[in-house]
Structures are given as structure tokens and as C-alpha cells.
Amino acid sequence: MEVFLWTFVAFSVVLNRVTGSHVPENSGVCFPRGFAFGVATASYQIEGAWNISGKGESIWDRYTHAHPERVFDHNNGDVAADSYHQWREDVALLKHLGVSFYRFSISWSRILPSGFSNEVNEDGIKYYAELISALESNNIAPVVTMYHWDLPQPLQDLGGWTNPIMADYFVDYATVLFDRFSSSVKMWITFNEPLSFCHDGYGGDDAPGGRSSGIETYMCGHNVLRAHGKVYKLYQDRKKQNKAPGWIGITLDMPWMEPATTAREDQEAAEIARQFIFGWFAHPIFSKEGDYPEIMRKRIDEKSRVQNFARSRLPHFTANEVRSIKGSFDFLGLNHYTTYLASPAESHSPGKEPTFEDDMGVRITQKENWPKSNSTWLRIVPWGFRRALNWIKTSYNNPPTLVTENGISLAPGTHDPKRINYIDSYLRALHDAILKDKCHVIGYTYWSLIDNFEWMRGFSERFGLYQVDYTSPKRTRTARLSASYFGQVANTLCLPENYVEYTVTN
Ligand code: NOJ
């Protein structure tokens, strides 16, 4: 308990200057003093300037240029919200909101155009240095994601995350970031959602466009975990030398997996899905045993045998790697948006192509009457958030957790009461998880500050508290109703009373 309190206070020194001056018109639902509210973005989704001032090509530049037809609206991130030029405006919005931290990502190819650290692009360094210093002068803590999916293309040409050497190149990149920015940046996130970029990038539709689910997917995950362990160690060694306080973690995404019925098979299926979808990355880092979840090892080993592979498609860590990855966190970054129902899937025949889905063997659905967003995968299920947080607490000994993303996409427009409903209902679930269930959550990040390039969905899905006008030269930002709601929460740490009609409808 003492440790719990200590970390809460320590994190809040970095993340939160707000002392919790509660306003009278609140609902009585208030977060603890020191709890931090922030917003997030990512480089490729907002910056634009894809080939300006020395930036190299990333896999998303290459992929969207080569395959515009694969992106829903045939758009790309060449200009996006133009934050490379409009960042002062972004900082003004952050200030206006009153958030205590801003989570953004650094584009590897803006800093190291070829991916390698032999050539550093000083213009890229300057861009982030100015942004960070403007945040500092406004008392907004920078929370920096080192990798939010935009791998330098030259590294992809070497196999990208399927090549084990990528772990060393990631260490080189991290060394440059720590050298240049760690006097100001105290919260680092190595990777954003490895499940997404390994599963969708190497086995699905995202960049680099690999379609080798069940093989490259696991190679990617393996090397990302190795890279994470190495960079965690690098940061700890540096911390020992200069005693600078700072924290480093990883952001994992966890939708809640609810059994479709109370039947034992459905409960088992839900647990298998949690282990494949979250435990794949969380177990090696956050469990006391380390390494991949047993059920993943067992299922993939067995499937590989039946499919006549000479060895398991899920690679093995060495004993040293298990040790160095286990415990490699100061906090867990958690992205949570929605909930699914799980039941056993019909099994594939052995002759079929191996896939992650077949290995998992779980059928995933959603209830038709759960309220919708503008994204097919995202329905509003706030109680699932509380369950996910409790599952993490029980499975991994209640790690300090920063919610690094939660949000909803809606149609364009600035009148967005449904977004307020979403945030408010998820924050109530979070409040219960913290105050009633004692889940160790230190802060909440809304995704996203502004509308941005939603990957394969282009600009068609809008998550921003601020709307971006993609037809205007300056990509004009306009506050939505939800911006003033969220600003009030961030400033008071309390949910406002009767801000909007809270009933969530379809
Ligand atoms: C997760 C990703 O980190 C982010 O890039 C994406 O835009 C949001 N979820 C919404 O899908």
C-alpha cells in the first residue's frame, strides 16, 4: 500500500500540476488529488510534412502512396492536420483545455531519416525540442511515444520487425531520443499497441501490408518485446548514472472480452482471447513468471505440429531474454475503447493457412443493441472498461496504469453530445475501478486532441475534441462541445453535473 501511494504521488509530480480545486457544480464524482488528465495524438496521424526538412520515408508514406485504393477515402498523411506547421495552435488548444499532459509520438524517420543513427536530422530534433519547450512553458508534461507505427522504410526493406536486428536499431534510436530529450521528457512509452501493428501490419491490411498472419505476426511481436526489454534496461542504466527521475513503459491495447453466455466454454474462450490479445505482450512484461502465456504457447505449438511445421510458429525467448523482459516497466500504458463477446470458434482444418485467429480459436462478436460509434469495431460499453481494469489488477499485481487512450469516433460536426456521453460513462466506470476496486490508475488520456488520419479509414472517422477542416490551408481547428466538457473535467478533476443528457442512445 505504501508503494502504491508513493508511486501515485511520484507520477503526479510529473504528470499533474493540478491540485484538485473542486468546483461546486460537480456531480460528486471526483478523481483523487494528483490524478492526471491529458490528450493524445501520433506523428503520422497529425504531422503531415512527410518529406519536408530532411524527414525520411516511413512505411506509412510508402504504403499509402503505393496503395491509395486500400485506404477507405483514398487519403494519406502527407499533410494530415499539418501539425508540423500548426503545432503552436495545438499547444494553444492544450492550454485552453487545461490538461496537465500531452501524449504525442516522435516520428523515427524525422529524427533518423534512414532509420540508422549515423545521420541525425537536426531539423527534426528542433521540431520536437520546440514543441516540448512550449509545453514546458505552459506547464504541460510531455508523454512521449517512441514508436507509433511509422517505421523508417529502409528498415522495412530489411524485414522490419520480423528481423531480430531491429531490436538493436531501436536501441540506437532510443539512445538519440534519451540524449536529446530526457532532460525535459519524464514519461516515455516505447511502443504503441504492438498487437495492432504486428497483427494488422504483418497479418492484415495496415502498413507494411504483409499478409502472413500466424508467422510474421509472432516474429514481429517477439522482436518488439526484445526491443522493449533492451530499451527499458538502457533507460534504467542511464537513470542510475544521472539520477534523473523519469518513467518508461509500454502501451498495450485491451478491449474487454466478455463470455458470450455463462456457459463454461464461453468463459474459457473469453480467457483465451484475453491471453492472445493482451497477455501476448503483457504476460512477458507484467507477470511474475515472464514469457508468453501458457495457453498461447500450448495452442500455437500444437497447431504448428498438426500443420507439419518443423517447429512452433511462436518463437522462444532465451532464459536471459525472459529475465530482461520480465518486470521491464515503470507503468503500464493502457488503450481501451470497447468490449467484445467471446465464444469458441469452429476449428480450421489442418491444411488451411495458419493465422492468429485460427490459433486463438475464439469467435468474437458484439451485441447489436450496444450503442454505436462511427467505427465498425467500436461500440459504447463502459462497464467493460471497469472489468478490464480489474482483470489487469488481478492478473499482474495491480501495476501503476496510465490510460493512454480512450475515445470515440463520430461523424463530422462540432455538436457532439454522444462523445460527452461516451467520455462521461467511461470515466464513471474508471472512477469505480479506482475508488471502489482499488485499481492503480494514475491518469486518463482522451484520444484524440484533434481529428487525424485514422489509418486505413483515412479522415472518415473523427476522434477529436477539436474538429479539423481538411479543406482549409491551415487545417483550421474548431472546438467541439466535448472540448469544453473535457476541459472542465481536466481542471476540476470532477465530472460536471447535468452537463448533457447522459442517456446513451443508438
Ligand atoms: C489506437 C491507435 O493507437 C490510434 O493510432 C488510433 O487512431 C486509435 N486507436 C483509434 O482507432
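The structure under discussion appears in the preceding block.
Reading the values: the criteria
Residues numbered from 1 in each chain as written. Predicted model: local features only at pLDDT ≥ 70, side-chain atom pairs only at ≥ 80, totals over all residues. Heavy atoms only, no water. Helix = DSSP H or I, 4+ residues; strand = E, 2+ residues; numbered from the N terminus. Rg over C-alpha atoms; globule rule 2.2 N^0.38 Å. Buried < 20%, exposed > 50% of the residue type's maximum accessible area, 1.4 Å probe, protein only. Contact = heavy atoms within 4.5 Å. Lys, Arg positive; Asp, Glu negative; His and termini not counted. Charge placed at Lys NZ, Arg CZ, Asp CG, Glu CD. Pairing = 2+ DSSP bridges. Axes fitted to C-alpha atoms, helices over the stretch in contact; angles between N-to-C directions. Disulfide = S-S within 2.5 Å.

A. Representation of the overall build of the protein. Within the protein one finds 17 helices and 15 strands. Taken against the 2.2 N^0.38 rule, which gives 23 Å for 506 residues, the C-alpha radius of gyration of the protein at 22 Å falls within 12% of a compact globule. Taken along the three principal axes of its C-alpha coordinates, the protein extends 65 × 55 × 50 Å. With 506 residues in all, the protein has 63% of them scored as buried. In the protein, of all internal contacts separated by at least 6 residues, the share reaching a separation of at least 24 is 78%. Both charge centroids of the protein, one from 51 positive and one from 57 negative side chains, sit 4 Å from each other.

B. Quick peek at the sheet that holds strand 4 (residues 141-147). Around the barrel, which closes on itself, the eight strands sit in the order 2-3-4-5-6-8-11-12 with parallel pairing between neighbours. When strand polarity is set aside, the average angle formed by the axes of neighbouring strands in this sheet is 25°. As defined by bridge partners, strand 5 (residues 187-192) adjoins strand 6 (residues 247-253) across four bridges and the pair is classed as parallel. Counterpart to Asn192 in the pairing with strand 6 is Thr251. The strands touched by helix 6 (residues 122-137) within the sheet are strand 3 (101-105) and strand 4, with strand 3 carrying the most contacts at an inclination of about 170°. Sheet strands in contact with helix 10 (residues 216-242) are strand 4, strand 5 and strand 6, and its direction is about 160° off that of strand 6.

C. Up close: the environment of Ala490. Note that Ala490 resides in helix 17 (residues 481-492). Counting along the chain gives 453 residues from Ala490 to Phe37, while the straight-line C-alpha distance between them is 5.3 Å.

D. The arrangement of the state of the cysteines in detail. By the definition in use, this model includes two disulfides. Bridging Cys30 to Cys494, the disulfide has an S-S length of 2.0 Å. Disulfide Cys30-Cys494: torsion about the S-S bond near 105°, hence right-handed. Of the two residues, Cys30 sits in strand 1 (residues 26-30) while Cys494 sits in strand 15 (residues 494-496), which places them 464 residues apart along the sequence. Cys30 sits in the buried class, given a relative accessible area of 17%. Along the protein, the cysteines engaged in disulfide bonds are linked according to the scheme 1-4, 2-3 when indexed in sequence order. The thiol of Cys439 is unpaired, and the distance to the nearest cysteine sulfur, on Cys30, comes to 19 Å.

E. Geometry of the side chain of Ser43. Among the structural elements, Ser43 can be located in helix 2 (residues 43-46). Assessed through its relative accessible area of 3%, Ser43 is described here as buried. Setting aside anything within four residues of it in sequence, one finds Ser43 in contact with Ser105, Ile106, Ser107, Tyr128 and Asp150.

F. Seen up close, the sheet that holds strand 7 (residues 256-259). One open sheet accounts for three strands, arranged 7-9-10; its pairing is mixed. Only two strands of the sheet have a single neighbouring strand rather than two, namely strand 7 and strand 10 (362-365). For this sheet, the mean angle separating the axes of adjacent strands, direction not counted, is 40°. Looking at chain direction, strand 9 (residues 339-344) and strand 10 are connected through four bridges and run antiparallel. Among the inter-strand pairings, Leu341 is bridged to a residue of strand 10, identified as Thr365. Helix 11 (residues 264-286) contacts strand 7, strand 9 and strand 10 of the sheet and is inclined by roughly 165° relative to strand 7.

G. Quick look at the pairing of strand 11 (residues 401-405). Taking burial as the measure, the five residues of strand 11 include five buried ones, the bulk of the element. Pairing analysis gives four bridges linking strand 8 (residues 331-335) to strand 11, with the strands arranged parallel. Note on strand 11: the bridge partner recorded for Asn335 is Glu405. Taken together, the three bridges between strand 11 and strand 12 (residues 441-447) define a ladder with parallel strand orientation. Among the inter-strand pairings, Leu402 is bridged to a residue of strand 12, identified as Gly443.

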